[in-house]
Amino acid sequence: LEMCLAVAPTGILGTAVTWADLEKHLRAAFGTDARFGANKSVVDIGDGNGFASCCGLINCDWVGIAAEEKLPKTVVLKIPTAQALRKLNDAAPEGQRMFNYTEEQWAEMEAKFFNIHNTEVASYDFLDEFEGLAMPRKYYGRAVEEENKAEGQLCLEYMDNSRMMSFYEKHTVEQVRQIARALGKIQACSLKKDVTAPALQKNFFENIANMWPLETYHGMFKGVLTVDSCDETKELMKKIDALLDTYHGSTLPSTIHTQHGFRPVLVNGDMHTGNVLIDQDTGDLAALIDWQCTHLGVGVEDLHRIALTALTAEERRLHTPMLVEEMYKSMVEHLDGAEPPYSQEKLLVLSDILYPHCALFFASVFASFIAKNDKDPSISDEEKATRKEVTLNKLIGSLEDVLTIDITNKKHIGNLKFKE
């Protein structure tokens, strides 16, 4: 590889993207002659919340704004890099780390993150023409190109008075219902207009399997026992480990629509709590962010991921059918005459079929968040214990349901192929 953004020390947030790059692209986006002032600054707002990029809140300090111009004082800048994932990984003790990579392997991982970044840029480009979506406004997006790997960046609207949902909190069913309806509206967009961008045509889950070999995949689940080693969890993890060979590298979520013969919708692919912004005062949905894993498939994937990370296991089990119905109804309401690809009854069946794929994807990563919480010196012991109780409820509950639903799925799966 010619360069690795994670080790470039001179640019914004330790990347190769410079202030001059950002200013040039923003000036072009707004058609302005104004420039950044001496008090421009950046705050890292992505630390611990993302894996495939770093994210900075930029104070532009515009100088020379024309009287009629309305330029944003602050913007969000995303830059593809492996440094965020590496930092999260290295924060875990030996035995709890997801990856034991060499420098060369980290460089290879970063190259894959460049492709993920290009997917996010293509997602915003596609959804740009639709109004009223629960997404931040895109000011500009630059894809990573072979001849200039430092060019990759995405500049977005800053959602004022908002905060991220948290994996450590018990969020409400109403909050997830709002997200379900917002997802349905976005899915309708991809049924009203064909998705043709090559970056959105890729088999997302095949790429994940290439990033995480089978041995690594098994290792990622070992961290669960380092945060909960009771006899029940030991027995649970034995049963989960026996299933991993079946689900590792499964491309079913990206191929089920072709195998069943229905039209796919646009799927975010990473719709966990860290990728949802809510209003600080009301808790209402503000925006769905991070479209780096977008692909074509069945929208219930996104619903499972946000329900798994936002709700307690008990509330998720009780309310999933209602949430699937809300997402489906919202999609149909916004089709403007286009045909729905499946019935609500069919979507409930697809929901069960896809649940284990979504839950295992979630569980493989989020054990590391529990370990990170336990090591954070800024959190009191009482708060750590509260957070751990909430997160373990979500994590263990998700894996218990994998075992149950995997068994009941046998009558629904039929001739569906997990790997193509």
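The structure displayed is predicted, hence computed values, not measured ones. All residue numbers refer to positions counted from 1 along the written sequence of the respective chain. Per-residue local features are limited, in this predicted model, to residues with pLDDT of at least 70; the limit for side-chain atom pairs, both in listing and counting, is 80 or more; totals at the level of whole chains, interfaces and linings are taken over all residues. Heavy atoms throughout the structure, all of them, feed into the side-chain values; hydrogens and water do not.

1. Looking at the pairing of strand β7 (residues 153-157)
Move 1: The buried count for β7 comes to 4 of 5 residues, which makes it a mostly enclosed element.
Move 2: A pair of strands is considered paired only if DSSP assigns at least 2 bridges between the two. Helical segments are the DSSP runs of H or I of at least four residues, strand segments are the runs of E of at least two, and each set is numbered from the N terminus. Here strand β5 (residues 74-80) pairs with β7 via 4 bridges, running antiparallel. When the sheet's bridge partners are listed, V76 is paired in β7 with L156.
Move 3: Across 4 bridges, the pairing between strand β6 (residues 138-142) and β7 is antiparallel. In the strand pairing of β7, G141 is matched with L154. To sort residues, take the accessible area from a 1.4 Å probe on protein chains only and compare it with the maximum for the residue type: under 20% means buried, over 50% means exposed, and anything in between is partly exposed.

2. Some thoughts on the sheet that holds strand β11 (residues 285-288)
Move 1: Strand order in the open sheet formed by 3 strands is β8-β10-β11, with antiparallel pairing between adjacent strands. Edge positions in the open sheet fall to β8 (162-164) and β11, since each of these has one partner strand only. Taking each pair of neighbouring strands and ignoring which way they run, the sheet shows an average axis angle of 30°.
Move 2: As judged from the 3 bridges shared by β8 and strand β10 (residues 276-279), these two strands associate in the antiparallel manner. In the sheet register, S162 faces β10, and the bridge partner there is D279.
Move 3: Taken strand by strand, helix α4 (residues 173-192) contacts β10 and β11, and its axis lies near 45° from that of β11. For every element, the axis is a line fit to its C-alpha atoms; helices are fit only across the contacting stretch, and the angle between N-to-C directions ranges from 0 to 180 degrees. Residue contacts are counted whenever heavy atoms from the two residues lie within 4.5 Å of one another.

3. Describing the pattern of salt bridges
Move 1: By definition, a salt bridge exists where a carboxyl oxygen of Asp or Glu is found within 4 Å of a side-chain nitrogen of Lys or Arg. Following the criterion strictly, the structure yields 20 salt bridges and no others.
Move 2: Between E400 and R317 there is a salt bridge, with its nearest N and O atoms 3.2 Å apart. On the criterion of sequence distance, the pair formed by E400 in helix α12 (residues 381-408) and R317 in helix α10 (residues 313-333) is long-range, its members being 83 residues apart.
Move 3: Residue R317 is classed as partly exposed on the basis of its relative accessible area of 36%.
Move 4: One network of salt bridges, in which partners are shared, links E174, R177, R181, E326, K329 and E333.

4. Considering the packing of helix α6 (residues 214-227) against helix α7 (residues 231-247)
Move 1: Packing of α6 against α7 leaves a shortest axis separation of 10 Å and a crossing angle of 165°. Put simply, α6 runs roughly antiparallel to α7. Along this stretch, α6 crosses α7, giving a crossing that reads as right-handed. Together, L214, Y217, H218, F221, V224 and L225 of α6 and T233, K234, M237, I240, D241, L244 and D245 of α7 make up the contact between the two elements.
Move 2: Looking at side-chain class alone, the contact of α6 with α7 contains 8 nonpolar, 2 polar and 3 charged residues. Roughly parallel means an angle under 35 degrees; roughly antiparallel means over 145; roughly perpendicular covers 65 to 115; every other angle is labelled oblique. Left-handed describes a crossing whose near helix is turned anticlockwise from the far helix through less than a right angle; right-handed describes the clockwise counterpart. In this count, Pro and Cys sit with the nonpolar residues alongside Ala, Val, Leu, Ile, Met, Phe, Trp and Tyr, while Asp, Glu, Lys and Arg are called charged and the others, Gly among them, polar.

5. Concerning the nonpolar core
Move 1: One finds M109, I240 and L288 to be the most contacted residues of the largest nonpolar core, which totals 110 residues.
Move 2: Tallying contributions element by element places helix α11 (residues 344-375) first for this core, with 15 residues.
Move 3: What I240 contacts, discounting residues up to four positions off in sequence, is F221, L360, L399, V402 and L403. Here, nonpolar core means buried Ala, Val, Leu, Ile, Met, Phe, Trp, Tyr and Cys residues that are tied together by side-chain atoms lying within 4.5 Å of each other.

6. Here we look at empty space enclosed by the protein
Left-over empty space is what a probe sized like a water molecule reveals as it rolls over the atoms.
Move 1: Buriedness of a pocket was judged along seven lines, with at least five required to meet protein on both sides within 12 Å; pockets are open sets of points on a 1 Å grid over the protein atoms alone, cavities are sets where a 1.4 Å probe fits but cannot get out, and lining residues have an atom within 4 Å of a point. Grid points are joined across faces, edges and corners, and a volume is the space filled by probe spheres set on the points. Under the defined criterion, the tally for this structure stands at 4 cavities of 30 Å³ or more.
Move 2: A volume near 160 Å³ is recorded for the second largest cavity.
Move 3: As for the second largest cavity, its lining consists of F205, I208, A209, W212, Y217, Y247, H248, G249, S250, H357, L360 and F361.
Move 4: Elements that contribute at least two residues to the lining of the second largest cavity include exactly α5 (204-211) and α11.

7. Re the environment of V332
Move 1: Examined against the element boundaries, V332 turns out to sit in helix α10.
Move 2: Take V332: its relative accessible area is 35%, and that puts it in the partly exposed class.

8. Some points on the UniProt feature "domain: CHK kinase-like" (unreviewed entry) in the protein chain
Move 1: Here the UniProt-annotated "domain: CHK kinase-like" (unreviewed entry) positions come out as residues 153-337.
Move 2: Secondary structure across residues 153-337 comprises 54% helix and 12% strand; the distance between its end C-alpha atoms is 36 Å. UniProt positions are given in the numbering used here, feature names are shortened, and annotations may be inferred rather than shown by experiment.

9. Details of the packing of aromatic side chains
Move 1: Pairing of aromatic rings covers Phe, Tyr and Trp, the last counted by its six-membered ring, and requires centre-to-centre distances within 6.5 Å; plane angles under 30 degrees mean stacked, over 60 mean edge-to-face, and any other angle means tilted. Taken as a whole and assessed by the stated rule, the structure comprises 10 aromatic pairs.
Move 2: On the basis of an interplanar angle of 50° and a centroid distance of 6.0 Å, the ring pair of F126 and F130 is categorised as tilted. Note on accessibility: F126 and F130 belong to one class, buried.
Move 3: Relative to F221, the ring of Y217 lies with its centre 5.3 Å away and its plane at 85°, an arrangement referred to as edge-to-face. Within this pair, Y217 and its partner F221 are both found in helix α6, separated by 4 residues, close to a single helical turn. One exposure class covers both Y217 and F221, and it is buried.
Move 4: Following the ring pairs from residue to residue traces out a cluster consisting of W19, F36 and W62.
Move 5: We note K40 situated over the ring of W19; from NZ or CZ to the ring centre the distance is 5.6 Å.
Move 6: Ring-over charges, as used throughout, are those where CZ of Arg or NZ of Lys falls within 6 Å of the ring centre and within 35 degrees of the ring normal. The ring of Y168 has R387 lying over it, and the distance from NZ or CZ to the ring centre is 4.5 Å.

10. Things to note about the pairing of β5
Move 1: Within β5, 6 of the 7 residues are buried, which leaves it mostly tucked inside the rest of the structure.
Move 2: Inspection of the sheet shows strand β3 (residues 53-59) paired to β5 by 7 bridges, in the antiparallel sense. Its bridge partner being in β5, L57 is matched across the sheet by V76.

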